[in-house]
Protein chains: 2
Amino acid sequence: MRPTLTVFESSPDRGRGLARDMRVRWALEETAVPYDVRLVSFDAMKQAAHLARNPFGQIPAYEEGDLVLFESGAIVLHIAQHHPGLLPEDADARARAIVWMFAALNTVETPIVEREAATYAERGKAWQAEHLAMLDARVRVRLQALARHLGDSAWLDGAFSAADVLMVLVLRRLEGSGLLEDFPTLQAYIARGQARPAYRRAFEAQRAAFEATRGG
Amino acid sequence: MRPTLTVFESSPDRGRGLARDMRVRWALEETAVPYDVRLVSFDAMKQAAHLARNPFGQIPAYEEGDLVLFESGAIVLHIAQHHPGLLPEDADARARAIVWMFAALNTVETPIVEREAATYAERGKAWQAEHLAMLDARVRVRLQALARHLGDSAWLDGAFSAADVLMVLVLRRLEGSGLLEDFPTLQAYIARGQARPAYRRAFEAQRAAFEATRGG
């Protein structure tokens, strides 16, 4: 059954592949699952039709027949459990890959999103710089641990997995922050992810959606 | 195989059941899986033996023979996938329960932890109150959406599931903040969780661990 992915009509990242639908698009490309796209405006995201898909009024949502899912992590896990290519067959290796999916979203992404929120929500506040320095330090602790774990490995735990889809995109949120530059291990890891043909296809698809709807 | 759970030797929450091992303990009690406990001190958490269990030096870690897992969400999911009682049998209902696990940790917990961090990391800053008010507003948006979704339902999506284990404990982090008092729906939901015999057993176990190690 061909799934439908609901995404921003006009993504606030302006097609840079940082919106959370990119995670799902990449997972679908890795597993060669064709999909349809529904665009929602910011207004429509807070209205009943979309709240029925996601009670928090966010994107992405994912529909497959009568099944309606939200939370990009859960959607990527669903895709990975139903199509080969994103999780190891071995039960223990699979459990560890799922650990790294949660680590990407709960341990690494959390301070990164907090920092990101501070860059715009606190714009103009006299204390923004002081707060950002505190948040930068918190992000660095996570990046250090992650870089130490990765070492010379290509991916988080053995073969490329759904965890790498999430982690590469979580780390990309730091582009422009200056924080990644101290971690060549992580920069090389991100570049490995971006070099995958499935990543490229997903990236082009989300950029095309943005270009088509910006009216330009 | 009897699992071993690694937890704080002396939990900073002083036995209030707010440390993340409580999630795993509750899941193990719901599924009637007996387990052993290993205590780690704050110092030991940053040393090699524990970093081999969790590269980020956090608790909990979970060992089952040669399998070593971290991330409380991933551990609870692992337990739920291998023992009946925490996930529906029906495939679609199961996928939706997993959505709510991610929603608890990624959409609801994130602003709550951010607020919590601000209460201690920004103590004494002239701007703490202003920042806390911004964070309170962000938490309220999530609580409103969650309360609207719950409505008259006992649990997040049909029968009690692993998602409720996570969500009830995530919401408990707001105790004392004054934010829950505007949401009787959520207070009743938390109370329903806390009334479960498995919750009580897990709570008593973590409290006993704290009492035994505080030296009193």
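In this report, we go over the structure that sits alongside the text. Small disclaimer: the values here were computed from a predicted structure and weren't measured.

## Focus on the packing of helix α5 (residues 91-121) of chain A against helix α6 (residues 128-150) of chain A
In a packed pair of helices, the relevant descriptors are the angle between the two axes and the axis-to-axis distance. Residue and element names in this part refer to chain A. Taken N-terminus to C-terminus, the directions of α5 and α6 make an angle of 160°; their axes are 9 Å apart at the nearest point. Relative to α6, α5 is oriented roughly antiparallel. Handedness of the crossing formed by α5 with α6: left-handed. Of the residues in α6, those in contact with Trp100, Thr107, Pro111, Ile112, Glu114, Arg115, Ala118, Thr119 and Tyr120 of α5 are Gln128, His131, Leu132, Leu135, Asp136, Arg138, Val139, Arg142, Leu146 and His149. Each residue belonging to the contact of α5 with α6 can be placed in one class, and the counts come to nine nonpolar, five polar and five charged.

## Points about the pairing of strand β3 (residues 61-64) of chain A
Along any regular strand, the residues point their side chains to alternate faces of the sheet. All names here are of chain A. Two elements, strand β1 (residues 4-8) and β3, share three bridges in a ladder whose sense is antiparallel. Along β3, the bridge assignment pairs Leu5 with Tyr62. Examined bridge by bridge, β3 and strand β4 (residues 67-70) share four bridges and lie antiparallel to one another. Its bridge partner lying in β4, Glu63 is registered against Val68.

## Let's talk about the layout of surface pockets
By volume, the second largest pocket amounts to about 200 Å³. Lining the second largest pocket are 13 residues, with Ala52, Pro55 and Phe70 of chain A together with Trp100 and His149 of chain B positioned closest to its centre. In terms of residue class, the lining of the second largest pocket is built from eight nonpolar, one polar and four charged.

## As for the relation of the copies chain A and chain B
Taken as rigid bodies, chain A and chain B are interconverted by a rotation of 180° and an axial shift of 0.0 Å, the fit giving an RMSD of 0.0 Å. Viewed as a symmetry operation, the transformation between the two copies matches a two-fold axis. Interface overlap between copies is the fraction of interface residues in one copy that are interface residues in the other; for chain A against chain B it reaches 100%, indicating a shared surface.

## Brief notes about unusual backbone geometry
Of note, the amide linkage connecting Ile59 of chain A to Pro60 of chain A takes the cis form, showing an omega dihedral of -5°. By the secondary structure assignment, Pro60 of chain A is in the loop between α3 (48-51) and β3. One non-glycine residue, Arg14 of chain A, adopts positive backbone phi at about 55°. Within the element layout of this structure, Arg14 of chain A appears in the loop between β1 and α1 (21-30). Located in the positive-phi region is Glu71 of chain B, a residue other than glycine, with phi close to 70°. By the secondary structure assignment, Glu71 of chain B is in the loop between β4 (67-70) and α4 (72-82).

## What to know about the packing of aromatic side chains
Under the criterion given, the structure shown has 20 aromatic pairs over all chains. Seen from their ring centres, Trp155 of chain A and Phe160 of chain A are 4.9 Å apart, and the 80° between their planes marks the pair as edge-to-face. Looking at Trp155 of chain A, the relative accessible area reads 12%, which means it is buried. Residue Phe160 of chain A is classed as buried on the basis of its relative accessible area of 10%. Here the aromatic rings of Phe56 of chain B and Phe70 of chain B are separated by 6.3 Å at their centres, their planes lie at 55°, and the arrangement is tilted. Of this pair, Phe56 of chain B sits in the loop between α3 (48-51) and β3 (61-64) while Phe70 of chain B sits in strand β4; the two residues are 14 residues apart in sequence, bridging distant segments of the chain.

## Quick word on the pairing of strand β1 (residues 4-8) of chain B
Residues and elements named next belong to chain B. Of all five residues that make up β1, five are buried, and the element is covered over most of its length. With five bridges joining them, β1 and strand β2 (residues 36-40) adopt parallel strand pairing. Bridging across to β2, Thr6 finds its partner in Arg38. Crossover β1 to β2 through helix α1 (residues 21-30) is right-handed.

## A closer look at the packing of α1 of chain A against helix α7 (residues 162-172) of chain A
Residues and elements named next belong to chain A. The N-to-C vectors of α1 and α7 enclose an angle of 145°; their axes lie 10 Å apart at closest approach. In the packing of α1 onto α7, the handedness of the crossing is right-handed. Contacts between α1 and α7 pair Met22, Arg23 and Trp26 from the former with Asp164, Val165, Leu166, Val168, Leu169 and Val170 from the latter.

Here is what the cut-offs are and how they apply
Residues numbered from 1 in each chain as written. Chains lettered and ligands numbered in written order. Predicted model: local features only at pLDDT ≥ 70, side-chain atom pairs only at ≥ 80, totals over all residues. Heavy atoms only, no water. Axes fitted to C-alpha atoms, helices over the stretch in contact; angles between N-to-C directions. Helix = DSSP H or I, 4+ residues; strand = E, 2+ residues; numbered from the N terminus. Parallel < 35°, antiparallel > 145°, perpendicular 65-115°, else oblique. Left-handed = near helix turned anticlockwise from the far one by under 90°. Contact = heavy atoms within 4.5 Å. Nonpolar A, V, L, I, M, F, W, Y, C, P; charged D, E, K, R; others polar. Pairing = 2+ DSSP bridges. 1 Å grid on protein atoms, 1.4 Å probe; cavity = no way out; pocket = protein on both sides within 12 Å on 5 of 7 lines; lining within 4 Å. Points joined across faces, edges and corners; volume = space filled by probe spheres on them. Least-squares fit on C-alpha atoms with pLDDT ≥ 70 in both. Phe/Tyr/Trp six-rings, centres within 6.5 Å; stacked < 30°, edge-to-face > 60°. Buried < 20%, exposed > 50% of the residue type's maximum accessible area, 1.4 Å probe, protein only. Right-handed = clockwise from strand over helix to strand, strands pointing away.

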